[in-house]
Amino acid sequence: MSPALILVTGSAGRVGQAVVKELVARGERVRGLDRVPTPGVAESHVGNLTDADAVRRAAEGARAVIHLAATPDDADFMSEILPNNIIGLHHVLEATRLAGAKRLVLASTGQVNWWQRERTEHAIRPDELPTPRYWYAAAKVFAEGIGQGYSETHGLTVIAARLGWCPRSGQEREVAALDWAKDLYLSPGDAGRFFHAAATAPVKVRFAVVYATSRHILLPRFDLGPTRQLLGWSPQDQWPDGLPPESYQSA
Ligand SMILES: NC(=O)c1ccc[n+]([C@@H]2O[C@H](COP(=O)([O-])OP(=O)(O)OC[C@H]3O[C@@H](n4cnc5c(N)ncnc54)[C@H](O)[C@@H]3O)[C@@H](O)[C@H]2O)c1
């Protein structure tokens, strides 16, 4: 029997490429959807999240959807966050439901707990009240909320993953310069293994919010216990595992 199809949106991006690499290495059947072609997958759909038909075509036959495509940080709300992170989210949720997929994994962010993290030193739990940093994080809180609404209304399992910092090209030195950021580091390898578990591990709950970071150096900023309990996943790496030294060492 051929493996069940997993759709990865944002598959050409920083996290997307790490996820695709891990899924393909594990023999999963992967389809990518991105506005640019996705390296490393047999099936690469090129389309925009704002095009509902393109998203629906990409989701056809998918058993699980990993939704990563988004504007990945603060940007103009009307021209970036609204189309990509709200309207695109709507189309992905609808396409997932119409495809009859059983599992949806939504990329959220540790920025939903930004202000607590600035003010406390305990490991923040997923059930603490969110304090979103700004529009981008507030849109991720919205995604978590409607993710729960879909799971309860339509009976699929939705896992919202509050990711640490997997630096995009050029951000590595920013992480290197900040102690707290190293604690939030999410290596590409841990990201890939996390999303594989989130898409495939048998779970009993319909909806969950979990954190994903690599191992901390100074302080555990987020509580990874619920992630381990739900998915059997724990990070293996620690800053700067998985990054080429020239990317984070000062020039
Ligand atoms: N990298 C991190 O540290 C981090 C941390 C927390 C959360 N996240 C979340 O993880 C996800 C992936 O982030 P990333 O760092 O890989 O970002 P990225 O910019 O490297 O990748 C995003 C991908 O999505 C695609 N995309 C964006 N808008 C699209 C649209 N309208 N239609 C089709 N494709 C579109 C882009 O082309 C890109 O390939 C995002 O949802 C982001 O919010 C990332």
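Structure report, in brief. (Residues numbered from 1 in each chain as written. Predicted model: local features only at pLDDT ≥ 70, side-chain atom pairs only at ≥ 80, totals over all residues. Heavy atoms only, no water.)

On to helix α2 (residues 52-59). Buried within α2 are the following residues: Ala54, Val55, Ala58 and Ala59. Along the axis of α2, the buried residues cluster in a sector spanning 130 degrees; they form a single face. N-capping of α2 is provided by Asp51, with a side-chain oxygen placed 3.2 Å from the backbone N of Asp53. (Buried < 20%, exposed > 50% of the residue type's maximum accessible area, 1.4 Å probe, protein only. Helix = DSSP H or I, 4+ residues; strand = E, 2+ residues; numbered from the N terminus. Arc of directions from axis to C-beta. Polar contact = N/O pair within 3.5 Å; in protein donor to acceptor, adjacent residues only side chain to side chain.)

With that settled, the discussion passes to the packing of α2 against helix α3 (residues 77-99). Contact geometry of α2 with α3 gives a least axis separation of 9 Å together with a crossing angle of 40 degrees. Looking at the two axes, α2 sits oblique to α3. Helix-helix and strand crossings are classified by hand; for α2 and α3 the assignment is right-handed. Every residue of α3 that contacts α2 at Ala52, Val55, Arg56 and Ala59 is listed here: His91, Val92, Ala95, Leu98 and Ala99. (Axes fitted to C-alpha atoms, helices over the stretch in contact; angles between N-to-C directions. Parallel < 35°, antiparallel > 145°, perpendicular 65-115°, else oblique. Left-handed = near helix turned anticlockwise from the far one by under 90°. Contact = heavy atoms within 4.5 Å.)

Turning to the site of the ligand, a few remarks are in order. Near the ligand there are 25 residues, and of these Asp34, Leu68, Tyr136, Cys166 and Arg168 occur at the shortest range. In the environment of the ligand, an oxygen atom lies 2.9 Å from a nitrogen or oxygen atom belonging to the side chain of Lys140. A total of 820 Å² of accessible area belongs to the ligand in isolation, and the protein chains cover 92% of it. When residues of the shell around the ligand are traced back to their parent elements, those giving at least two are α1 (14-25), β5 (103-109) and α5 (135-154). For the shell around the ligand, the leading source of residues is β5, giving 3 residues. Tallied by class, residues from the shell around the ligand come to 12 nonpolar, 8 polar and 5 charged. (Near = heavy atom within 4 Å. Areas by Shrake-Rupley, 256 points an atom, 1.4 Å probe, with all protein chains shown as cover. Nonpolar A, V, L, I, M, F, W, Y, C, P; charged D, E, K, R; others polar.)

Here the focus is the pairing of strand β6 (residues 157-163). Burial analysis of β6 places 7 of its 7 residues in the buried class, the great majority of the element. In β6, alternate side chains face the same way, and those of Thr157, Ile159, Ala161 and Leu163 on one face and Val158, Ala160 and Arg162 on the other are all buried. As defined by bridge partners, β5 adjoins β6 across 7 bridges and the pair is classed as parallel. By the bridge assignment for β6, Val105 is matched with Ile159. (Pairing = 2+ DSSP bridges.)

Remark: a regular strand shows side chains that alternate across the two faces of the sheet. Of all the 6 residues making up strand β4 (residues 62-67), 5 are buried; the element is thus mostly covered by neighbouring parts of the structure. Inspection of the sheet shows strand β1 (residues 5-9) paired to β4 by 5 bridges, in the parallel sense. Counted as the bridge partner of Leu5 is Ala62 from β4. Alignment of β4 against β5, held across 4 bridges, turns out to be parallel. Bridge pairing in β5 places Val65 opposite Leu104. In this region the chain leaves β4, passes through α3 and returns to the parallel neighbour β5; the handedness of that crossover is right-handed. (Right-handed = clockwise from strand over helix to strand, strands pointing away.)

A word on the nonpolar core. In terms of nonpolar packing, the biggest core is built from 32 residues, with Val8, Ile66, Phe194, Phe195 and Leu231 touching the most fellow members. Counting only elements with at least two residues in this core, the list comes to β1, α1, β4, β5, β6, α8 (188-200), β7 (207-212) and α9 (225-231). The leading source of residues in this core is α8, at 6 residues. (Core = buried A, V, L, I, M, F, W, Y, C linked by side-chain atoms within 4.5 Å.)

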